[in-house]
Amino acid sequence: AQSVTQLGSHVSVSEGALVLLRCNYSSSVPPYLFWYVQYPNQGLQLLLKYTTGATLVKGINGFEAEFKKSETSFHLTKPSAHMSDAAEYFCAVTLHNDMRFGAGTRLTVKP
Amino acid sequence: DSGVTQTPKHLITATGQRVTLRCSPRSGDLSVYWYQQSLDQGLQFLIQYYNGEERAKGNILERFSAQQFPDLHSELNLSSLELGDSALYFCASSVESGNGYTFGSGTRLTVV
């Protein structure tokens, strides 16, 4: 069965610094991969997705992620962190039906 | 507004009781998914329905059941509630899984 592992339950960066949130997946065949963001007391919101084609995908709010099959990774990056980026981020994988989520990474942005 | 509506937003009930959570999917989405989110277990997939039929099952307890009605809304029934069932319950919908899911804002269940 497919699964994802998010490395680091908490990441703290300074405002303006690079954001890097790590995700590795496990799947017998190339899966669909996603990043979601969850703000306090809200549901999850889709940031970006990889299905097929270009391995570098751009999402909302300046985030992007690169699918690397050789490394089974799908890390999320943003060149310059903003205070409003503080939230919980979830990597997710699906093959056919149900989507499996990682444990989440809480991003803190320091002024 | 994501287009996925969940009611109620908050629910407080006693152990042993039964509750029903409701979800209306985004217009045009045939699939509905239920997830449980807790601090110790994270986001756990419970069950998926597609156009009225059960499509996939995850870590759903036997005390829990769900259904999807002809108008595509879905209900999650939780019975014989225990303290450990306290969590956020999310509903999500999609046209197909490759498009990603649209999540509702959740129902926070507190069992006392």
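Below is a short write-up of the structure. (Residues numbered from 1 in each chain as written. Chains lettered and ligands numbered in written order. Predicted model: local features only at pLDDT ≥ 70, side-chain atom pairs only at ≥ 80, totals over all residues. Heavy atoms only, no water.)

**A word on the side chain of Asp85(B)**
The cut-off we apply is this: Going along the chain from the N terminus, every DSSP run of H or I of four or more residues is numbered as a helix, and every run of E of two or more is numbered as a strand. Only heavy atoms matter for contacts: two residues are in contact if any of them lie within 4.5 Å across the pair.
Topologically, Asp85(B) is positioned in the loop between strand S8 (74-78) and strand S9 (87-94). Those residues in contact with Asp85(B) that lie beyond four places of it in its chain are Gln36(B), Leu61(B), Arg63(B), Phe64(B), Ser80(B), Leu109(B) and Val111(B).

**Regarding the packing of aromatic side chains**
Selection criterion: Side-chain rings of Phe, Tyr and Trp (the six-membered ring for Trp) are treated as a pair once their centres are within 6.5 Å; stacked means planes under 30 degrees apart, edge-to-face means over 60, and tilted covers the remaining angles. Each residue is assigned to one of three classes by its accessible area relative to the maximum for its type, calculated with a 1.4 Å probe on protein chains only: buried under 20%, partly exposed between the two thresholds, exposed over 50%.
For the structure on display, the rule yields 15 aromatic pairs over all chains. On the basis of an interplanar angle of 80° and a centroid distance of 6.2 Å, the ring pair of Phe90(B) and Phe103(B) is categorised as edge-to-face. Of the two residues, Phe90(B) is situated in strand S9 and Phe103(B) in strand S10 (residues 102-103); the sequence distance between them amounts to 13 residues. Take Phe90(B) and Phe103(B): they sit in the same class, and that class is buried. Seen from their ring centres, Tyr101(B) and Phe103(B) are 6.4 Å apart, and the 40° between their planes marks the pair as tilted. Phe103(B) matches Tyr101(B) in its accessibility class, with the two residues each being buried. Each member of the aromatic cluster is reached from another via a ring pair, and the members are Phe34(A), Tyr36(A), Phe101(A), Tyr33(B), Tyr35(B), Phe45(B), Phe90(B), Tyr101(B) and Phe103(B).

**Overview of the interface of chain B and chain A**
Note the cut-off: Accessible area, probed at 1.4 Å, shrinks when two parts are joined; the buried area is that loss added up over both. The rule for a salt bridge is simple: a side-chain nitrogen of Lys or Arg has to be within 4 Å of a carboxyl oxygen of Asp or Glu. Any pair of N or O atoms that falls within 3.5 Å is considered a polar contact. Within protein, one atom must be able to donate a hydrogen and the other to accept it, and sequence-neighbouring residues count only if both atoms are side-chain atoms. Any residue outside Ala, Val, Leu, Ile, Met, Phe, Trp, Tyr, Cys, Pro, Asp, Glu, Lys and Arg is labelled polar, Gly included; the first ten of those are nonpolar and the last four are charged.
Each partner contributes residues to the interface: chain B has 18 residues there, and chain A has 19 residues. Both sides of the chain B and chain A interface together cover about 1,500 Å² of buried area, and 53% of this is carbon and sulfur. Counting across the chain B and chain A interface gives zero salt bridges. Remark: the boundary between chain B and chain A carries four residue pairs in polar contact (both at pLDDT 80 or more). Put simply, the parts of the chain that give the side of chain B that touches chain A at least two residues each are strand S4 (31-38), strand S5 (42-50) and strand S6 (53-57) of chain B. The residue makeup of the side of chain B that touches chain A, split by class, is eight nonpolar, eight polar and two charged.

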